[in-house]
Amino acid sequence: MNILMLTGSPHKNGTSNTLAREFIRGAREAGHQVEVYDCAHGNLHPCYGCDRCGMNGDCVQKDDGNEVLKKLLAADAVVFVTPVYYFGMSAQLKTMVDRLYARNGDITRKRMKAALIATAWNDDDTVMKGIKTHFDIIFDYLAFQNRGMLLARGAGTVGMMPKRYLDEAYALGTNI
Ligand SMILES: Cc1cc2nc3c(=O)[nH]c(=O)nc-3n(C[C@H](O)[C@H](O)[C@H](O)COP(=O)(O)O)c2cc1C
């Protein structure tokens, strides 16, 4: 299976990218191909809202967006990876999520597999509520098959992150 992973952390060696690497290790061991697009360090800009794409065509912007959409449409699964910023995904990842608009219909028709990896500093019952609800709705809206959501709480730094999340990320990769 071809998997496209979209990462949204400015920390290349932070907790979300650490879990992303464990996911990739698991997925590759299970025989899948994984390609990563780093939304935090790529050439990517927010949706203009111009609607020139008509939700069914190329975006007018000359950045990485169209290329990422092409990769997404060629993939069997998409994995979203993000730190929790104010109870939601990071702006870096949201920038790419909004750009899905240009191919909304094509994406929905694919009924792709999808997964989420999110990390947060806090470890309480509230911290993942917003992001989980948001991705539940996005997955439903885009007809994604939910293959798992790893919501790592108390994971502000690699040092403080409970080790079980590394195993869970690896398992998510093998089972997607
Ligand atoms: C702008 C910003 C907003 C944040 N908002 C939250 C939050 O709402 N709840 C929380 O627990 N942690 C919050 N954090 C902390 C990060 O979610 C946390 O440190 C995360 O694990 C960092 O992941 P990374 O190392 O992969 O970037 C925030 C951090 C930043 C920079």
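Note that this is a predicted model, so its numbers are computed, not measured. (Residues numbered from 1 in each chain as written. Predicted model: local features only at pLDDT ≥ 70, side-chain atom pairs only at ≥ 80, totals over all residues. Heavy atoms only, no water.)

Draft legend 1. Region of the structure containing helix H5 (residues 129-141). In a regular helix each residue adds 1.5 Å, so 13 residues correspond to 18 Å; H5 covers 18 Å between its end C-alpha atoms and thus fits that length. For H5, the complete set of buried residues consists of Ile131, Phe135, Ile138 and Phe139. One side of H5 carries all its buried residues, which in axial view fall inside an arc of 100 degrees. Exposed residues pointing more than 90 degrees away from the buried face of H5 are listed as Lys129, Ile137, Asp140 and Tyr141. Next to the buried residues of H5 lie strand E3 (77-83), helix H3 (91-99), strand E4 (113-119) and strand E5 (145-152). Phi turns positive one or two residues past the end of H5, at Ala143, with a value near 55 degrees. (Helix = DSSP H or I, 4+ residues; strand = E, 2+ residues; numbered from the N terminus. Expected span 1.5 Å × (residues − 1). Buried < 20%, exposed > 50% of the residue type's maximum accessible area, 1.4 Å probe, protein only. Arc of directions from axis to C-beta. Contact = heavy atoms within 4.5 Å.)

Draft legend 2. Here's a closer look at the site of the ligand. If you check the shell around the ligand, you find 17 residues, and the closest are Ser9, Ser16, Val84, Asn122 and Ala155. A distance of 2.6 Å separates an oxygen atom of the ligand from a polar side-chain atom of Ser9. One of the backbone nitrogen or oxygen atoms of Ala155 is found 2.8 Å away from an oxygen atom of the ligand. When isolated, the ligand has an accessible area of 640 Å², and the protein chains bury 77% of it. Of the residues contributing to the shell around the ligand, the split by class is nine nonpolar, eight polar and no charged. (Near = heavy atom within 4 Å. Polar contact = N/O pair within 3.5 Å; in protein donor to acceptor, adjacent residues only side chain to side chain. Areas by Shrake-Rupley, 256 points an atom, 1.4 Å probe, with all protein chains shown as cover. Nonpolar A, V, L, I, M, F, W, Y, C, P; charged D, E, K, R; others polar.)

Draft legend 3. Geometry of the pattern of salt bridges. Tallied over the full model, the rule gives 13 salt bridges. Note that Lys71 is salt-bridged to Glu35, the shortest N-O span being 2.7 Å. Of this pair, Lys71 sits in helix H2 (residues 65-74) while Glu35 sits in strand E2 (residues 33-38), and the two are 36 residues apart along the sequence. Given a relative accessible area of 29%, Lys71 falls into the partly exposed group. Asp58 is the salt-bridge partner of Arg103, the closest N and O atoms lying 2.9 Å from each other. One end of the pair, Arg103, is in the loop between H3 and helix H4 (104-110); the other, Asp58, is in the loop between E2 and H2, and 45 residues separate them in sequence. Here the salt bridges share partners, and the residues they tie into one network are Asp58, Arg103, Asp106 and Arg109. (Salt bridge = Lys/Arg side-chain N within 4 Å of Asp/Glu carboxyl O.)

Draft legend 4. Examining the packing of aromatic side chains more closely. For the structure shown, the criterion picks out five aromatic pairs. With a centroid separation of 6.3 Å and an interplanar angle of 40 degrees, the aromatic rings of Phe80 and Phe144 are classed as tilted. Linking Phe80 in strand E3 with Phe144 in the loop between H5 and E5, this pair joins segments that are 64 residues apart in sequence. Among the residues examined, Phe144 registers a relative accessible area of 7% and is labelled buried. When the centroid spacing of 6.0 Å and the interplanar angle of 80 degrees are considered together, the rings of Phe135 and Phe139 count as edge-to-face. (Phe/Tyr/Trp six-rings, centres within 6.5 Å; stacked < 30°, edge-to-face > 60°.)

Draft legend 5. Region of interest: the sheet that holds E4. Strand order in the open sheet formed by five strands is E2-E1-E3-E4-E5, and the pairing between neighbours is parallel. Of all strands in the sheet, those with a lone pairing partner are E2 and E5, marking the two edges. In this sheet, adjacent strand axes meet at a mean angle of 15 degrees when their direction is disregarded. Pairing geometry for E3 and E4, over seven bridges, is parallel. Considered in E4, the bridge of Pro83 is made with Thr119. (Pairing = 2+ DSSP bridges. Axes fitted to C-alpha atoms, helices over the stretch in contact; angles between N-to-C directions.)

Draft legend 6. The arrangement of the environment of Ala169 in detail. Structurally, Ala169 is set in helix H6 (residues 164-175). Considering only alpha carbons, one finds Ala169 and Arg21, 148 residues apart in sequence, at a separation of 8.4 Å. Look past the residues within four positions of Ala169 in its chain and what remains in contact with it is Leu19, Glu22, Phe23 and Leu150.

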